[in-house]
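Chain residues, written in single-letter form:
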Amino acid sequence: MLRVSAQVTSSEVDLQAINGDADSAAIGIEFGPQLMRFAEAVAMRSPDLPERRAELLKAAGAAALVDAAGVAANFQRMVRIADAIGIPVDDMQADLGRTVRAELGIERFPSARNSIG
């Protein structure tokens, strides 16, 4: 979705930000490194979540922090539901999907067994 959104808006992004590359996160996304570190802390239930929350608040402000927290929480909910009932990702054989999965190494995640076949 990030890649398509960037194409539609003619923005430059580097998908390696999804894999934790702070330099990549800084390309084309305002407060990208702070957002990336916050999202990782939420997803990993990291003990440094309070520090990452404070970092994002300082860089981007309260409204951005609230938005980021809401998006992260909603994403976690959707992924957990899909994984729990085995919903596959849409059209896993599409060329774009194969390219993005290979580029990001998505097959390494345990939940990939529900979708990649």
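To be clear, the structure that these remarks concern was listed above.
Only a predicted model underlies this, so the values are computations on that prediction, with no experimental measurement involved.

## A word on the overall build of the protein
Right, on to step 1. Secondary structure summary: the protein contains six helices and zero strands in total.
Right, on to step 2. Along the protein, from the amino end to the carboxyl end, the secondary structure elements read α-α-α-α-α-α.
Right, on to step 3. The buried share among the 117 residues of the protein stands at 20%.
Right, on to step 4. Partitioning the intrachain contacts of the protein with sequence separation of at least 6 by distance along the chain shows that 40% fall at a separation of at least 24.
Right, on to step 5. For the protein, the accessible area works out to roughly 7800 Å², and carbon and sulfur atoms hold 61% of it.

## Considerations on the nonpolar core
Right, on to step 1. Among the nonpolar cores identified, the biggest contains six residues, and these are F38, A41, L49, L56, L65 and A68.
Right, on to step 2. Not counting residues within four places of it along the chain, the set of residues in contact with A68 comprises L35, F38 and L56.

## Quick word on the side chain of S24
Right, on to step 1. As for its placement among the helices and strands, S24 is situated in helix α2 (residues 22-25).
Right, on to step 2. Beyond its immediate stretch of four places on either side in the chain, S24 contacts D14, Q16 and A17.

## A closer look at the pattern of salt bridges
Right, on to step 1. Applying the stated rule across the entire model yields three salt bridges.
Right, on to step 2. D48 is paired through a salt bridge with R52; the nearest N and O atoms lie 3.2 Å apart.
Right, on to step 3. By sharing partners, the salt bridges in this structure join R37, D48, R52 and E55 into a single network.

The rules behind the values
Residues numbered from 1 in each chain as written. Predicted model: local features only at pLDDT ≥ 70, side-chain atom pairs only at ≥ 80, totals over all residues. Heavy atoms only, no water. Helix = DSSP H or I, 4+ residues; strand = E, 2+ residues; numbered from the N terminus. Buried < 20%, exposed > 50% of the residue type's maximum accessible area, 1.4 Å probe, protein only. Contact = heavy atoms within 4.5 Å. Areas by Shrake-Rupley, 256 points an atom, 1.4 Å probe, with all protein chains shown as cover. Core = buried A, V, L, I, M, F, W, Y, C linked by side-chain atoms within 4.5 Å. Salt bridge = Lys/Arg side-chain N within 4 Å of Asp/Glu carboxyl O.

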